[in-house]
Amino acid sequence: MTVTPDLKAKHRAMWALGDYPSVATDVIADLGETLVAATGITARDTVLDIAAGSGNASLPAARTGATVVASDLTPELLEAGRVEAADQGLELTWEVADAEDLPYADGRFDAVISCVGIMFAPFHEKAASELLRVTRPDGRIGLIAWTPEGFIGQMFAAMKPYAPPPPAGATPPPRWGDPEHVASLLGDGVYDVRAERRELVVDAFATPEGYREFFKERYGPTIAVYRAIADDPAKVAALDEALADLGRRHHGPDATMQWEYLLVTARRSG
């Protein structure tokens, strides 16, 4: 496992591509509210949102009156969240931080959450270790991740043959949506663990191909893959068809899609 400044810079730049805040607000907005409720966050809590992006979970956490720190590797996403928080009259702290090397003291937070965020840190064991480290004994942990079998997990599988190779030792993001994998990551650092598969109903796309065009324009990982094959029209066409086929298999007659995710809650062992 080799973590270099160049790797982090590439990761940061990828998430700055497109318009991820619109994905968070137009497609998956409900996930943040779901996570905050499941984790039982209240005004008494000091909360860390790891890989918070533009605040999909941080903003609803702040609405409870909790003291919230939204951390992310990508400053552009934090700035978008800061603007939205100001528009909503919410006060929270926005800080650039690497999920694999958090700049916070041991046990600082009453609750630590991540909504389809920490799953994209390439070295899962390091990220999980940091998550546990900054959660106080008996503090609460709440995580949402896309499952490997669900729509987004399958979208990443469809893109994999066309993407640059991942760094050595990296684990695919959707593994955070596998209950056994998460259990192995958290180990005896937690108790009262609950893992539940749920589905997000998405009605943002009128056609099976509509999501593909949206993601090609706005979602950093998809944009990065297309850029990697931009000089090969045959590969571009093949990926277009693979993603369209995925859409056709998941797009219902009522123009909705069901995107499976794993919701995990736990308490930090003392």
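A quick note: this is a predicted structure, and the numbers were derived from the prediction, not measured.

Analysis parameters
Within each chain, residues carry numbers counting from 1 in the order of the written sequence. Totals for whole chains, interfaces and linings use all residues, but because this is a predicted model, local features are given only for residues with pLDDT of at least 70 and pairs of side-chain atoms are given and counted only at 80 or more. Excluded from the side-chain calculation are hydrogens and water; included are all heavy atoms of the structure. Take the buried Ala, Val, Leu, Ile, Met, Phe, Trp, Tyr and Cys residues and link them wherever side-chain atoms come within 4.5 Å; each set so joined is a nonpolar core. Exposure categories follow from relative accessible area, calculated using a 1.4 Å probe and restricted to protein chains: below 20% of the type maximum is buried, above 50% is exposed, and the middle band is partly exposed. A run of H or I in DSSP becomes a helix once it reaches four residues, and a run of E becomes a strand once it reaches two; helices and strands are each numbered from the N terminus. By definition in these notes, contact holds between two residues if any of their heavy atoms fall within 4.5 Å. N or O atoms within 3.5 Å of each other form a polar contact, as long as, within protein, one can give a hydrogen and the other can take it, and as long as residues adjacent in sequence are counted only when both atoms are side-chain atoms.

Moving on, we come to the nonpolar core. For soluble globular proteins, nonpolar side chains are generally found buried alongside one another. Membership of the largest hydrophobic core comes to 84 residues, with the highest contact counts inside it found for Trp 146, Met 155 and Trp 259. The element best represented in this core is strand β7 (residues 257-268), accounting for seven residues. For Met 155, the contacting residues outside a window of four places in its chain are Tyr 211, Phe 215, Tyr 219, Thr 222, Leu 243 and Leu 246.

Take unusual backbone geometry next. Non-glycine residue Ala 51 carries a positive phi angle of around 55°. Position of Ala 51 among the secondary structure elements: in the loop between β1 (46-49) and α4 (58-63). Although it is not a glycine, Asp 192 sits at a positive phi angle of roughly 50°. Tracing the sequence through the fold places Asp 192 in strand β6 (residues 190-202). Looking at Asp 192, the relative accessible area reads 41%, which means it is partly exposed.

Tracing the chain through its elements places His 124 in helix α6 (residues 124-134). Side-chain polar atoms of His 124 contact the backbone oxygen of Thr 171, separated by 3.2 Å.

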